[in-house]
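Spelled out from the first residue to the last, the chains are:
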There are 4 protein chains.
Amino acid sequence: MKVGIIGASGYTGSELLRILAGHRECEVVCATSRRYEGKDVSLVNQNLRGIIDLKFENMTVSEVAKKSDFVFCATPHGTSMDIVPELVKSGVKVVDLSGDFRFNDIATYEKYYDKKHTAHDIKAVYGLPELHRTKIKEAELVANPGCYPTSAILGLAPLVSEDLIDLEKIVVDSKSGISGAGATPKPATHYTMAADSVSAYKVTSHQHMPEIEQELNLLKEGVKVSFVPHIVPVIRGLSSTIHVFLERDVSTDDIHSIYEDFYTGEPFVRVLGAGVIPRMSAVRGTNYADIGSFEVDYDRKRAVIVSVIDNLVKGASGQAVQNMNIMMGFDETEGLKSIGIHP
Amino acid sequence: MKVGIIGASGYTGSELLRILAGHRECEVVCATSRRYEGKDVSLVNQNLRGIIDLKFENMTVSEVAKKSDFVFCATPHGTSMDIVPELVKSGVKVVDLSGDFRFNDIATYEKYYDKKHTAHDIKAVYGLPELHRTKIKEAELVANPGCYPTSAILGLAPLVSEDLIDLEKIVVDSKSGISGAGATPKPATHYTMAADSVSAYKVTSHQHMPEIEQELNLLKEGVKVSFVPHIVPVIRGLSSTIHVFLERDVSTDDIHSIYEDFYTGEPFVRVLGAGVIPRMSAVRGTNYADIGSFEVDYDRKRAVIVSVIDNLVKGASGQAVQNMNIMMGFDETEGLKSIGIHP
Amino acid sequence: MKVGIIGASGYTGSELLRILAGHRECEVVCATSRRYEGKDVSLVNQNLRGIIDLKFENMTVSEVAKKSDFVFCATPHGTSMDIVPELVKSGVKVVDLSGDFRFNDIATYEKYYDKKHTAHDIKAVYGLPELHRTKIKEAELVANPGCYPTSAILGLAPLVSEDLIDLEKIVVDSKSGISGAGATPKPATHYTMAADSVSAYKVTSHQHMPEIEQELNLLKEGVKVSFVPHIVPVIRGLSSTIHVFLERDVSTDDIHSIYEDFYTGEPFVRVLGAGVIPRMSAVRGTNYADIGSFEVDYDRKRAVIVSVIDNLVKGASGQAVQNMNIMMGFDETEGLKSIGIHP
Amino acid sequence: MKVGIIGASGYTGSELLRILAGHRECEVVCATSRRYEGKDVSLVNQNLRGIIDLKFENMTVSEVAKKSDFVFCATPHGTSMDIVPELVKSGVKVVDLSGDFRFNDIATYEKYYDKKHTAHDIKAVYGLPELHRTKIKEAELVANPGCYPTSAILGLAPLVSEDLIDLEKIVVDSKSGISGAGATPKPATHYTMAADSVSAYKVTSHQHMPEIEQELNLLKEGVKVSFVPHIVPVIRGLSSTIHVFLERDVSTDDIHSIYEDFYTGEPFVRVLGAGVIPRMSAVRGTNYADIGSFEVDYDRKRAVIVSVIDNLVKGASGQAVQNMNIMMGFDETEGLKSIGIHP
């Protein structure tokens, strides 16, 4: 199958190129980048030296559509909505990695992204396979989830599905590696500022908060998520510590069982043992979500769940390929079997 | 004034030596360490090379008491209770940096530290100057607060003092630099394990949780703190993100004012502007606590406070010297004026 | 093919397990570890969770030999010489990752390793495929090169083979990631000591210096290598900056051509363009050696070569598997095709 | 004394502000920055919050000259030559931190900095106090040394002064913290690129190479320095490993004695014991240069010296203040006594 990548020179584009280089069912036929037009992909992504023989091109959307059977849009928020409609109309299947098509309610998008949405009529399936696999199979357009939402929703879905917790007082405190901020240098990602420090940001207004709430509300109405993101001195990795207040008496083992049941058969969710806390580095470079702890604190009527992913893989490009596999009827794990490195 | 340090070769001992080297009212006359007996202090703490001319000694408690007017116990939990009683009885004033004398309720200590307390009759003042300055002035023995409690209590005291928040659903999600784990190498602090990763630990059972609750309950009864500590790849620094649920309508500016009022005149608490989020690295090497954000999220009836300190200074040895200054009637900031380094 | 790994719980053992998990020609049938006997491999190496279903065992050498067709000894220097003779005599093929069988001259080993060698009669082939592929094919026992030697020898072999440089004044200044120091926590690898710093060590006495010299002297007699290793705050990766003094007039392009010619057809050596400097992170997790720069400085009659590898892969376990592939007649790149992650 | 800082918002300006805040003989009366005009200094340099009450201003050179008794130019290379002449003519004393006035030979400057020099008639004293203290005392204009040269010259001066080494084959392999690249974000200093990696750069052409040679040639003619700089994942710190070839038989102790003698009485050079290797982190935040190792390798007729500094302090702003102290007759260590932090 011929695959095109639009916006291929950022970190999610770069990860798509890496993953697809090892995918047996498809070949990347074009990778667009205005900035690096004409440059070898492997000069920008030195890990691909000797592995991929491709140049970045500056192509129109219709040229990409013509050359490709399947397209990934790794373009920024606000740009995808200008590109995706033409792709969809031309009949190629698309996974869009931006936030543009993730929301059922356009008003929420416009409030949190602070821009007018110009493609109201295009509908996408939200690409979290663990919740929407059946719909993804039939989809023409999949909106790939954000990194924080992937970690938070996977960490909360089993609990929210039960009548167990105070749905209005869920705290998700997330720590993201710096690659989450993209490939463009900024003061906040300058080594001297980001190293040896931790910073909270957008503590009540991050655009991933309503995305988390939208998906959890599909499972049970009335969920409110108090979400605070942080940047930590890590290259890739994302860890969410989820604090919930219990409304019924349950044990750590009970909660553990709920997760085991919920994720039975899932190829990329590893439910750890009761009381075992996942390490961010154990999923580095892989499409796994590791979920653990489940610890109950009886005195404070609360439980703690920790959910970790690689923000660029399960949090972006790995999940995008997983969605493509489902949409195309390939083995869902194809291209995604590489083992994480330790240490 | 002649000062002795018991247990001087760990990180808190090392910080005491650094701070006291610049203190104009006192001189360190003995620094005990069984491990480094006979070695130059500046060989172990290379930053003190050319600055301190002292050897680690292996001395009895009574020898230290005889040579010193004031003693810092930088000994581990469980060891201090064997040492402090003799010091107190000998008439020297003491700041103890362990957890042994921080608790009003011995049973709580014994539960969370999992050891028998053998010095029930010795009473200490809890050494958080911002809450207990008057009592510290008169104290013979001060129990220096833990690092997480310093950050959490300072970040919560103004809010808890008002009738504003759900006292039973306070979440404190803290991120600590690795020096908080001490100077002894362990698997969890091995560079290859700790770098490029983040780990939650003791998510419902950390011994600093009841310490935070004890102090906040003195301000208002009924406080429960859902505390989760994390280790982050930072040498020194501690940042607490505090999530509270509001029971009354207030604005970010209102909360900011409450903090400004509460900490008026405090030499080491810097209340940042409304909406300004503190950076962990801005307090590196200093005795400051920077507190900020105060942001209100009306939709979720919550507010977020971020409180950062250097875990080894305001979270340990700097605060210990601040306590000594108060106990001895010195200028409270003496020895603590050095400016943090940026970047 | 059935493979055994002796000493499987250190970092090189862990990397062997990771690489062999993706190798289509062999299966790991036993992994010995006294320390972790009975524990799941994937509890110690969390990256292998869900991928490898194996427990660490405490077995005798003869038990391993009986179960295996091929054995990797990932045991420490000084231990391998007690194990390898029995394996070799039992007829299994062996790659030993320690320094014990790398030296043609036992006296050199005994001087630099400061121990008596007790297996003089066992002879091995030095396992650097780029120099000794033909002999490796026939070998029963391969001594896998050290990490620094792999980087230094590959970086110098083409130049030393020509009559071009002052052979007695070659400076190799190497920077190693901290995983090179092994999985056991030590003061020098404690996060707080190793992060945000750089340390030279064993500046005139490192045991890898005579190993580098031995191999280069096979190419041209009279080579002396002034080698200084450093530890840098990097998890994995090893970069050698090689300083040579020129005895003939050559250009950067001339030197570049010498390297291109020398390494033609090599699957794991990537010769970069003239003037292009390799990045340590571009080989992270891979078996590549990237070699570049080649820059000539006419005023100072010198040239600079930079050679980078992943110390645990091409510098240890990846090269060990490459050697096994050659010894067994498998495709030399089998199991070693995984693509490095960027960033 | 009234001090002005031109170009105060970069890292060297920021360090000048930090150091001068603790200097008892002077007060900063103006700090210029076009970029941050009107902003509080402590908003940009959060470590100065509550310590300095000053705003960045956009002023002409003559306005700065009028307000100040002493001026630091922390302006980039090529800019200082437009500013310094007017300052000098107005009669204020100046320390310039750029490379513009460091060279005795304008042609060398123009070659390595690749720009025309427009202020040939202005002569400066090279501000390395350990070599030029007497001239600095009388100077109106001091050209503050570069960071690499400070470390390399201090590490080589004692040896070069003796008839001991091959002067044409000196290798200086230096590793610099990333703050050396300045406060402006760039791809090479983006956290994801700089962390967990090491990169050599400008391996035969760095502008600090001729600066090192100029100063060493004043001690002994014919010195050539083969200099290669590297960027390492460290915020601040610079370590030079110096490789020399011996032309006479000497011992480690002999070399150690040469350094001890050479630096007797120097307040900021700490000569470590024979065989002791300095740690980069031991000088973090301080004006010390730590020099050590001195190890002789008889087989290869070489010796190794390691010289470490904080690139922003002894390598820039600390040395600038040291120069000011000498020029003004203040205690040479005034403002420079703060103790480094460990860990």
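Above: the structure in question.
The structure presented is a predicted model; accordingly, all values stated were derived computationally and were not measured.

### With respect to the interface of chain C and chain A
Facing the 30 residues of chain C at the interface are 29 residues of chain A. Summing the contributions of chain C and of chain A, the shared interface buries around 2,800 Å²; its carbon and sulfur component is 61%. For chain C, the biggest contributors to the area lost against chain A are Arg 49, Ile 339 and His 342 of chain C; these three give 25% of the whole. Connecting chain C to chain A are two salt bridges. Salt-bridge contacts for Arg 49 of chain A lead to Asp 290 of chain C; the nearest nitrogen and oxygen are separated by 2.4 Å. A per-element tally of the side of chain C that touches chain A places helix H1 (residues 11–21) of chain C first, with five residues. Taken together, the residues that form the side of chain C that touches chain A break down as 13 nonpolar, nine polar and eight charged.

### Section: the relation of the copies chain A and chain B
Overlaying chain A on chain B yields an RMSD of 0.0 Å, the required transformation being a rotation through 180° with an accompanying axial translation of 0.0 Å. The symmetry that links the two subunits is that of a two-fold axis. Taking C-alpha positions as the reference, the residue of chain A nearest the rotation axis is Pro 233 of chain A, at 3.2 Å. In this assembly, 100% of the residues forming the interface of chain A have copies in chain B that are likewise at the interface, indicating an isologous arrangement.

### A look at the state of the cysteines
Note on terminology: a disulfide is the covalent bond linking the sulfur atoms of two cysteines. Residues and elements named next belong to chain D. For the structure on display, the rule yields zero disulfides over all chains. Lacking any disulfide linkage, Cys 30 is separated from the closest cysteine sulfur, that of Cys 73, by 11 Å. For Cys 30, a relative accessible area of 0% gives the class buried.

### Points about the packing of aromatic side chains
All names here are of chain A. Taken as a whole and assessed by the stated rule, the structure comprises 38 aromatic pairs over all chains. One aromatic cluster is present, formed by Phe 103, Tyr 109 and Tyr 113 through successive ring pairs. It is Arg 270 that lies over the ring of Tyr 288; its NZ or CZ is 3.8 Å from the centre.

### A few points about the environment of Thr 75 of chain B
Residue and element names in this part refer to chain B. Locating Thr 75 in the fold gives a position in the loop between strand E4 (70–73) and helix H4 (80–89). For Thr 75, the residues in contact, after removing those within four places along its chain, are Ile 6, Gly 7, Ser 80, Ile 83, Asp 96 and Ser 98. A polar contact of 2.7 Å, which involves the side chain of Thr 75, links it to the side chain of Ser 80.

### Structural notes on the sheet that holds strand E11 (residues 238–245) of chain C
Within a sheet, each strand pairs with its neighbour through backbone hydrogen bonds, oriented either parallel or antiparallel. All names here are of chain C. Read across the open sheet, the seven strands follow the order E9-E10-E8-E11-E14-E13-E12; overall the sheet is mixed. Edge strands, defined here as strands with exactly one partner in the open sheet, are strand E9 (199–200) and strand E12 (269–274). Where strand E8 (residues 170–176) lies against strand E10 (residues 225–231), seven bridges are found, and the strand directions are parallel. Residue Asp 173 lies in a different strand from E10, and its bridge partner there is Val 228. Of the strands in this sheet, E8, E10, E11, strand E13 (289–297) and strand E14 (302–309) touch helix H7 (residues 147–161), which is tilted by about 35° from E11.

### What to know about the packing of helix H5 (residues 106–113) of chain C against helix H9 (residues 208–219) of chain C
Two quantities define a packed helix pair, namely the angle between the helix axes and the distance between the axes. Residues and elements named next belong to chain C. Where H5 meets H9, the axes come as close as 9 Å, and the angle between the chain directions of the two elements is 155°. The angle between H5 and H9 falls in the class roughly antiparallel. Touching Thr 108, Tyr 112 and Tyr 113 of H5 are His 208, Met 209, Pro 210 and Glu 211, all from H9. For the contact of H5 with H9, the per-class residue count stands at four nonpolar, two polar and one charged.

### Quick look at the pattern of salt bridges
Summed over all chains, the structure comprises 92 salt bridges over all chains. Measuring nitrogen to oxygen at the nearest pair gives 2.8 Å for the salt bridge that ties Glu 130 of chain A to Lys 314 of chain A. Placement of Glu 130 of chain A in helix H6 (residues 129–138) and of Lys 314 of chain A in helix H11 (residues 313–328) is noted, with a sequence separation of 184 residues between them. As far as the burial class goes, Glu 130 of chain A and Lys 314 of chain A line up, both buried. Arg 300 of chain D serves as the salt-bridge partner of Glu 213 of chain C, at 2.6 Å between the closest nitrogen and oxygen. One end of the pair, Glu 213 of chain C, is in helix H9; the other, Arg 300 of chain D, is in the loop between strand E13 (289–297) and strand E14 (302–309), on a second chain. Note on Glu 213 of chain C: relative accessible area 12%, which makes it buried. Linked through salt bridges whose partners overlap, the residues forming this network are Glu 15, Arg 18, Arg 236 and Asp 310 of chain A.

Reading the values: rules and limits
- Residues numbered from 1 in each chain as written.
- Chains lettered and ligands numbered in written order.
- Predicted model: local features only at pLDDT ≥ 70, side-chain atom pairs only at ≥ 80, totals over all residues.
- Heavy atoms only, no water.
- Contact = heavy atoms within 4.5 Å.
- Buried area = accessible area lost by both parts, 1.4 Å probe.
- Salt bridge = Lys/Arg side-chain N within 4 Å of Asp/Glu carboxyl O.
- Helix = DSSP H or I, 4+ residues; strand = E, 2+ residues; numbered from the N terminus.
- Nonpolar A, V, L, I, M, F, W, Y, C, P; charged D, E, K, R; others polar.
- Least-squares fit on C-alpha atoms with pLDDT ≥ 70 in both.
- Disulfide = S-S within 2.5 Å.
- Buried < 20%, exposed > 50% of the residue type's maximum accessible area, 1.4 Å probe, protein only.
- Phe/Tyr/Trp six-rings, centres within 6.5 Å; stacked < 30°, edge-to-face > 60°.
- Lys NZ or Arg CZ within 6 Å of the ring centre and 35° of its normal.
- Polar contact = N/O pair within 3.5 Å; in protein donor to acceptor, adjacent residues only side chain to side chain.
- Pairing = 2+ DSSP bridges.
- Axes fitted to C-alpha atoms, helices over the stretch in contact; angles between N-to-C directions.
- Parallel < 35°, antiparallel > 145°, perpendicular 65-115°, else oblique.

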